[in-house]
Amino acid sequence: MSDIRVRFAPSPTGYLHVGGARTALFNYLFAKSQGGEFVLRVEDTDLERSTEEALKMQIGDLQWLGLDWDEGPNAGTLADEGEYGPYRQSRRQAIYQAIGHFLLKNGKAYFDFRTDEELDTLKKQSADGHSIPRPETLVSYEEGLERVKKGEQGAVRLINSFEKTFKVNDLVRGDVEFKSDMVGDFVILRSNGMPVYNFCCAIDDALMSISHVLRAEEHLSNTLRQLMIYELLEELHKSSDQQKEVLGFFQSSDFMGFVKDKLEKVHTGAKPSEEDFKKSEESLKKFFASDFVLPQFGHMSLILGPDKQKLSKRHGATSCNEYHTTGFLPDALINYISLLGWSHPDEKDIFKFEELVKIFSISRVNKSPAVFDEEKLSWVNSQHIKELDNQSLWQEVLPWLEGVIDTDSVNEAWVNAAMETYKTRMDKLSDAKELFAPMNDQSFAIDGAAQDALSWDSTKDVFATWIAELKTRDKEYLTADDFSEMQDAVKEKAGVKGKFLFMPIRVAIIGKPHGAELKELVPLIPTKSLIQRAETALAAL
RNA sequence: GUCCCCUUCGUCUAGAGGCCCAGGACAUCACCCUUUCACGGUGAAGACACGGGUUCGACUCCCGUAGGGGACGCCA
C-alpha cells in the first residue's frame, strides 16, 4: 500500500475556479502517478459563505473534469465514503473544539475578550500598524469558559513562542524559512466558536494522514501557522496523557453540551449529527493509533489574468463551469491547465489525460506565476476536438444541436461525413450550433456576406442551371461524384468558372459564400432541400 | 510599511556551467496547399530584467538593484 495521501480542500462558495481546478489536478496527478490516494475534503467553516448548492457545483465540476476522489463525499448522495471521515469540516467540529479547549486548558492558547474596536485601536498604536499585542494578563481557562458560556464573545488565540524558526523543504520552492514572529497570537477559534482555516486545516491534514500538501502559493505564509499547530499536534500524539485529556472532552456531557449549544446558535444549515460526533472521536483515536505524519508541502505559483494580477472574475471566465457550458472538452481544459506551471518532458503541448497521469512529475512544476491565455486554451480545445473519432465527437456535439437540426433522423454514415467536414472548423463544441444551422431547411437563410456573389451578372445563370441539374437527379441524397458531374455541367452551360461558379453554388446550398467544400456539403443535404434552397436563392436576386 | 516568493520571445514554456549569438507551442506576419473558408505544411519576426562578482567559460552559481506577485483577517 502506498503511503501517499493528498487532498483537495475547496471551500464551497461557488463554482470551481480554474485555479482550484489546477490545484485539484496536480494533487490528483501527484497521487495517481504514484499509486496514492486522493481525498476530497470540504472546508466549510465559513458558515456565511458556504452553501450546499456550491458544494454540489464544485463536485459537479470535479466530476466533469474527471478528477475522481478515493475518499470524501459521495458525488451523488454527498455521504462520506472513506476511513478518515467526516470529510466536511462543519461535521468535524467536535475535534476542533476538543483540541482547542485542550490547548486552552494547558496554557497553549487563551481566550481573548477584547472587542473589535479595542483591537483596532491596538493595531493602530502598534509599530507596524497591524499587530495585536498579547494582553498583559490572560484569563484562566475556567474563567474564560464561564464567560463564554454566559454568552460573552471571546475568540481563542494560540500562544506564539515568537522565537522559533520553522524550516520546510517545499516541493516546488525548495528550502523556505519562516520566523515565528512573522505572525502574532493568531485566532484558532472565532468568537462564535467556529474554528479558523489554519487550525482545522492542519488538524485535518494530520488526522487524515495527509502526506503531501500541494496548494497555491497564496498559502505559503499560512504554512507557518499550520506548522505551529502541527508541532502541538505532534506533542499531543506522543503523550498518552494528553491524548486521554483530549478524548476526555468527548466523554464530558458538560463539554459536549456546551459545543452543541454553540453549534445550535451559529449553524444555519446542517449541524453535525450524533453520528458525526462519534466519527469525529473515532477519527481522533485513529490518529493516536497511527504514525504521526508531517506532510511535505508544495506551493504552486498563482494563475494570473492578462494584467498579471491574481486571476479573478473580473478577468472574465474563470470558473470551470463556464468553460463547460461554452463548449470546451474537459480533457482540453485539463491539458491546458496542466501546462500552467508544468511542462511535458518531451515538450508536447497536446496530450490525453491518461498520458498526463503516467508522465506527471512534481519536479517539473515551476515556480513562476503564469498568465491564463484563453487563446491558447481555445487552440488546445480545437486540437482535442480534431483528435476525437467521429462518433465520440458527435456525442459531444449533440447537446449543442438541440433544436438546430433533427438529430434523430440522421444515420451513422451521415454523422461520419458531417463530423469529418466540420471537426476542423470547430474551436469549441458550441461552434457546431452555427455550423449546423444551414443544415436545417427552416433556418436556411441568405447571409449578408453573400451580397457580393449575388451581384455578379453570371450568378442568375448559375442558379438556374444548378436547379436544372438538381432536378435531373432522382436521388434522396447526392454523392460527391454526382456533384462533380453536376459542377462540370453547370460550368459548361452557364459558362463560368472559379469563384464565379463555386461561390454562388455555395450560397445556394448554405446561404453563405464561405464554408466547407461543396462536394462534402452536397451529400449532407437532401436533394429536395437543395432544390428548394437554390430556388430561394434565385428568388433573392 | 513588514515578511515571503518570483523574473527566458506579447503569452505558456525548454534550459540543472560549455550542447544556446537560447529550442518548442499559442498569437502575429508571409508563402505553399486550395474554387472559398477552415485544416495542414514551410518560413519570418520575437526573449535570458539590470548591475556586479565567481569561473578559462554563466540563461544557468553568489550578491545587490529594479520590477511583479503573495501574505500580513474572528476569508479560505
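Basis of the calculations
- Residues numbered from 1 in each chain as written.
- Chains lettered and ligands numbered in written order.
- Predicted model: local features only at pLDDT ≥ 70, side-chain atom pairs only at ≥ 80, totals over all residues.
- Heavy atoms only, no water.
- Helix = DSSP H or I, 4+ residues; strand = E, 2+ residues; numbered from the N terminus.
- Rg over C-alpha atoms; globule rule 2.2 N^0.38 Å.
- Contact = heavy atoms within 4.5 Å.
- Areas by Shrake-Rupley, 256 points an atom, 1.4 Å probe, with all protein chains shown as cover.
- Disulfide = S-S within 2.5 Å.
- Axes fitted to C-alpha atoms, helices over the stretch in contact; angles between N-to-C directions.
- Parallel < 35°, antiparallel > 145°, perpendicular 65-115°, else oblique.
- Left-handed = near helix turned anticlockwise from the far one by under 90°.
- Nonpolar A, V, L, I, M, F, W, Y, C, P; charged D, E, K, R; others polar.
- Near = heavy atom within 4 Å.
- Polar contact = N/O pair within 3.5 Å; in protein donor to acceptor, adjacent residues only side chain to side chain.
- Core = buried A, V, L, I, M, F, W, Y, C linked by side-chain atoms within 4.5 Å.
- Buried < 20%, exposed > 50% of the residue type's maximum accessible area, 1.4 Å probe, protein only.
- Pairing = 2+ DSSP bridges.
- Phe/Tyr/Trp six-rings, centres within 6.5 Å; stacked < 30°, edge-to-face > 60°.
- Lys NZ or Arg CZ within 6 Å of the ring centre and 35° of its normal.
- Salt bridge = Lys/Arg side-chain N within 4 Å of Asp/Glu carboxyl O.

Time to look at the overall build of chain A. On a plain count of helices and strands, chain A comes out with 23 helices and 13 strands. Against the compact-globule benchmark of 24 Å for 541 residues, chain A has a radius of gyration of 32 Å, which places it well outside the compact range. With respect to the principal axes defined by its C-alpha atoms, chain A has extents near 105 × 50 × 45 Å. Contacts in chain A between residues far apart in sequence, at least 24 positions, make up 75% of those at least 6 positions apart. Summed over its atoms, the accessible surface of chain A is roughly 24,700 Å², and 47% of this surface lies on carbon and sulfur atoms.

Inspection of the entire model under this criterion finds zero disulfides. Not engaged in a disulfide, the cysteine Cys200 finds its nearest cysteine sulfur in Cys201; these two sulfurs lie 7.6 Å apart.

All right, on to unusual backbone geometry then. A positive phi angle, near 60°, is found at Phe162, a position not held by glycine. Inspection of the secondary structure puts Phe162 in the loop between strand 6 (155-158) and strand 7 (165-170). Although it is not a glycine, Lys308 adopts a positive phi angle of roughly 70°. Looking at where Lys308 falls in the secondary structure, it is placed in the loop between strand 12 (303-304) and helix 11 (320-325).

Turning our attention to the packing of helix 3 (residues 93-105) against helix 8 (residues 240-251). To describe two helices that pack against each other, one gives the angle between their axes and the distance between the axes. Where helix 3 contacts helix 8, the axes come no closer than 9 Å and their chain directions differ by 125°. One way to sum up the angle between helix 3 and helix 8 is to call them oblique. As helix 3 runs across helix 8, the sense of the crossing is right-handed. Across from Ala94, Ile95, Ala98, Ile99, His101, Phe102 and Lys105 in helix 3, the residues of helix 8 making contact are Gln242, Glu245, Val246, Phe249 and Phe250. Here the residues of the contact of helix 3 with helix 8 sort into eight nonpolar, two polar and two charged.

A word on the protein's contact with RNA strand B. Taken together, 57 residues are adjacent to RNA strand B, and Arg173, Arg190, Gln309, Arg425 and His514 come closest. Here the atoms of RNA strand B within 4 Å of the protein split so that 73% fall in sugar or phosphate, with bases taking the remainder. Within the contact set of RNA strand B, a sugar or linking oxygen lies 3.1 Å away from a side-chain nitrogen or oxygen of Glu43. Taken together, the elements giving at least two residues each to the surface near RNA strand B come down to strand 6, helix 7 (222-238), strand 13 (370-371), helix 14 (374-387) and helix 21 (499-510). Here the element with the most residues in the surface near RNA strand B is helix 14; it accounts for five residues.

With that settled, the discussion passes to the environment of Glu235. Mapped onto the secondary structure, Glu235 falls in helix 7. Residues Glu235 and Phe292, 57 residues apart in the sequence, show an inter-C-alpha distance of 10.0 Å. In contact with Glu235, other than residues within four places in its own chain, are Lys108 and Gln242.

Core analysis: the largest hydrophobic core is formed by 103 residues, its most contacted members being Phe436, Trp466 and Ile509. A per-element tally of this core places helix 1 (residues 18-32) first, with nine residues. Non-local contacts of Trp466, meaning those with residues more than four positions away in its chain, are made with Phe483, Met486, Val490, Ile505, Ala508, Ile509, Val522 and Ala534. Of all hydrophobic cores here, the second largest spans 63 residues; its members include Phe111, Val156, Phe166 and Phe199.

The next point concerns the pairing of strand 1 (residues 5-8). Side-chain positions along a regular strand alternate between the two faces of the sheet. By the alternation rule, side chains of strand 1 split into Arg5 and Arg7 and Val6 and Phe8, which are all buried. The pairing of strand 1 with strand 2 (residues 37-40) spans four bridges and is classified as parallel. Within the sheet, the bridge partner assigned to Phe8 lies in strand 2 and is Leu40.

Once that is clear, we can look at the sheet that holds strand 5 (residues 109-112). One open sheet accounts for three strands, arranged 5-6-9; its pairing is antiparallel. Edge positions in the sheet fall to strand 5 and strand 9 (187-189), since each of these pairs with one other strand and no more. Taking each pair of neighbouring strands and ignoring which way they run, the sheet shows an average axis angle of 45°. Relative to strand 6, strand 5 is paired through four bridges, and the arrangement is antiparallel. If you follow Asp112 over to strand 6, its bridge partner there is Ala155.

Here the focus is the packing of aromatic side chains. Using the criterion set out here, one finds 20 aromatic pairs in the structure. Summarising the aromatic geometry, the rings of Phe26 and Phe360 are spaced 5.3 Å apart at their centres and angled 55° between planes, so their arrangement reads as tilted. Of the two residues, Phe26 is situated in helix 1 and Phe360 in the loop between helix 13 (353-359) and strand 13; the sequence distance between them amounts to 334 residues. The pair formed by Phe26 and Phe360 is uniform in burial state, with each residue classed as buried. Here Tyr323 and Phe328 contribute two aromatic rings whose centre-to-centre distance is 5.2 Å and whose plane-to-plane angle is 80°, an arrangement assigned as edge-to-face. A residue is classified by how much of its surface remains accessible, and Tyr323, at 1% relative accessible area, is buried. Judged by relative accessible area, Phe328 falls into the buried class, the value being 8%. Aromatic rings pair up to connect Phe26, Trp342, Phe351 and Phe360 into one cluster. Above the ring of Tyr84, the side-chain terminus of Arg5 is found at 3.8 Å from the ring centroid.

With that out of the way, let us pick up the side chain of Glu43. Turning to its location among the elements, Glu43 is positioned in the loop between strand 2 and helix 2 (52-65). Classification of Glu43 by relative accessible area gives buried; the value is 8%. Looking at Glu43, its side chain comes within polar contact range of the side chain of Gln89, at 3.2 Å. With near-sequence residues (within four places) excluded, Glu43 lies in contact with Ala9, Pro10, Ser11, Pro12, Ser50, Gln89, Tyr197 and Cys201.

A few words now on the pairing of strand 6. Burial along strand 6 is two-sided: the residues Ala155 and Arg157 and Val156 and Leu158 are all buried. Of the strand pairs in this sheet, strand 6 and strand 9 are connected by two bridges, and their pairing is antiparallel. Paired with Arg157 across the bridge in strand 9 is Val187.

Turning to the pattern of salt bridges, a few remarks are in order. Within the structure shown, the criterion is met by 36 salt bridges. Among the ionic pairs, Arg157 bridges to Asp112, the shortest N-O distance being 2.7 Å. Separated by 45 residues along the polypeptide, Arg157 in strand 6 and Asp112 in strand 5 bring together distant segments of the chain. Taking the relative accessible area as the measure of exposure, Asp112 reaches 4% and is therefore buried. Here the salt bridges share partners, and the residues they tie into one network are Arg7, Arg41, Glu43, Arg92, Asp204 and Asp205.

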